[in-house]
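Close look at the chain arrangement
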Amino acid sequence: MCTRQAPHEPEKVSLICGLLRQSPPGEFGQVVRDLSALVQDNKLVRQEAARVGACHNKNNFTPVQINGRTVLLTHYNDLGGNRFFDPQDKFSFEFDHLRGVTSKAQLHGVMLDEGELWREALHKGLKAYVSCHFPVGNCCVFRKNLGKKQLFVACIEAHQYQPSNHWNSLWKSDWTFALTPFTTQVTGIFLLQIHYFKDANLHVTVSKSVSETLNVIDQSQFATDFVKFVRAEDTKFHIAILENIQALSEDIWGKNLRRKLPVTRTFMNWNKLLNDQHLNTNVSNTEVPSCLLKHTI
């Protein structure tokens, strides 16, 4: 009779890291606890979780509270050694990715030059938009010096974590451009992740890239045009997702269930349905177009 040997430590580490990297947004801590119970090596799991957790938090633009302000953890404000920079209050802090706590805050000097004034104008405009557009949203604007060029990155994060209702979701986007005379190319990347785990294990990931050339005249003009562009692309992405839900619903109801269900000639109120279901799409306050609100069955 053959007995199966326990995996060696390098194999354990590889398996643990692979599973941790697959953790859906909002579930990293639960995955760590489950792995500790399965592997029965809490020290090894926590050691790898501390390392992988840093990438998980930065990839998901994890928001943290410090001194009453929300700061996003990203690759753009990572100072190394688990320290991050808050561009608004101009201080840095240390973050424990395993325990989820901040500490050792200290001033981080930033020169108040023209680039910083542009960054602050962009943050102000974007913050007003995010506060209005998302039920619970956060944003940060960062800048980097590349030689003589000023590179700006605006990050937006909105999530709804509802494990008691068996689902979690994350909407994030980042917008990159260089501050150049007259015009600049703005590139945006969207990512939506949903995990539904009631009587199933459904993972949904949707991504999209966009770009546009914007005029650069002054701080006020560019901040206004930039926010308008972000708002327009947010809305397009949101509506495209709803259209895909509509198409999927039509396929399921029309092809698979039409012969099994009676024809009632009633209308489906999709706004009500989306709000009532566990997997509601209320990630933003965008109105659903009227053409998507009703569907006859």
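Higher on the page you've got the structure.
For the structure given in this document, a descriptive report is provided here. (Residues numbered from 1 in each chain as written. Predicted model: local features only at pLDDT ≥ 70, side-chain atom pairs only at ≥ 80, totals over all residues. Heavy atoms only, no water.)

1. Some details on the packing of helix H1 (residues 9-21) against helix H3 (residues 42-59)
Contact pair H1 / H3: the axes reach a minimum separation of 10 Å and the direction vectors enclose 45°. With respect to H3, the element H1 is oriented oblique. Where H1 crosses over H3, the two elements pack in a sense that is right-handed. Across from Glu9, Lys12, Val13, Ile16, Cys17, Leu20 and Arg21 in H1, the residues of H3 making contact are Leu44, Val45, Glu48, Ala49, Arg51 and Val52. Its residues placed into classes, the contact of H1 with H3 shows eight nonpolar, no polar and five charged. (Axes fitted to C-alpha atoms, helices over the stretch in contact; angles between N-to-C directions. Helix = DSSP H or I, 4+ residues; strand = E, 2+ residues; numbered from the N terminus. Parallel < 35°, antiparallel > 145°, perpendicular 65-115°, else oblique. Left-handed = near helix turned anticlockwise from the far one by under 90°. Contact = heavy atoms within 4.5 Å. Nonpolar A, V, L, I, M, F, W, Y, C, P; charged D, E, K, R; others polar.)

2. Looking at helix H2 (residues 28-39)
Under the 1.5 Å per step criterion, the end-to-end length of H2 is 16 Å for 12 residues, consistent within 8% with the ideal 16 Å. For H2, the complete set of buried residues consists of Phe28, Val31, Val32, Leu35 and Ser36. Along H2, the residues classed as buried sweep out an arc of 135° about the axis, all on the same side. For H2, the exposed residues set more than 90 degrees away from the buried face come down to Arg33, Ala37 and Leu38. Against H1 and H3 lie the buried residues of H2. Positive backbone phi, approximately 60°, marks Gln40, located one or two places after H2. (Expected span 1.5 Å × (residues − 1). Buried < 20%, exposed > 50% of the residue type's maximum accessible area, 1.4 Å probe, protein only. Arc of directions from axis to C-beta.)

3. Regarding the sheet that holds strand S7 (residues 137-146)
If you walk across this open sheet you meet the five strands as S7-S8-S9-S10-S11, and the pairing is antiparallel. Each of the sheet's edge strands pairs with one partner strand only, and the pair in question is S7 and strand S11 (202-216). Neighbour-to-neighbour, the strand axes of the sheet open up by a mean angle of 15°, direction not taken into account. Here strand S8 (residues 149-162) pairs with strand S9 (residues 167-179) via 13 bridges, running antiparallel. (Pairing = 2+ DSSP bridges.)

4. A word on the sheet that holds strand S4 (residues 83-86)
One open sheet accounts for four strands, arranged S3-S4-S5-S6; its pairing is antiparallel. Both outer strands of the open sheet, strand S3 (78-80) and strand S6 (101-107), are each paired with one neighbouring strand and no more. Pairs of neighbouring strands in the sheet enclose a mean axial angle of 30°, with direction left out of account. As judged from the two bridges shared by S3 and S4, these two strands associate in the antiparallel manner. Bridge assignment links Asp78 to a residue of S4, and that residue is Phe84.

5. Looking at the state of the cysteines
Tallied over the full model, the rule gives zero disulfides. Here Cys155 is not cross-linked by a disulfide; its sulfur's nearest cysteine counterpart is in Cys140, at 7.3 Å. Judged by its relative accessible area of 0%, Cys155 falls in the buried class. (Disulfide = S-S within 2.5 Å.)

6. Observations concerning the packing of aromatic side chains
By the definition in use, this model includes 15 aromatic pairs. Judged by centre distance (4.7 Å) and plane angle (25°), the ring pair of Phe190 and Phe237 falls under stacked. Pair noted here: Phe190 is in strand S10 (residues 182-196) and Phe237 is in helix H5 (residues 219-256), with a separation of 47 residues, a long-range link. Judged by its relative accessible area of 0%, Phe190 is buried. The side chain of Lys172 reaches across the aromatic face of Phe61, ending 4.6 Å from its centre. (Phe/Tyr/Trp six-rings, centres within 6.5 Å; stacked < 30°, edge-to-face > 60°. Lys NZ or Arg CZ within 6 Å of the ring centre and 35° of its normal.)

7. Some details on the packing of H1 against H2
The N-to-C vectors of H1 and H2 enclose an angle of 155°; their axes lie 10 Å apart at closest approach. With respect to H2, the element H1 is oriented roughly antiparallel. Between H1 and H2 the crossing geometry is right-handed. Judged by residue contacts, Lys12, Ile16, Leu19 and Leu20 of H1 engage Phe28, Val31, Val32, Leu35 and Val39 from H2. Split by residue class, the contact of H1 with H2 holds eight nonpolar, no polar and one charged.

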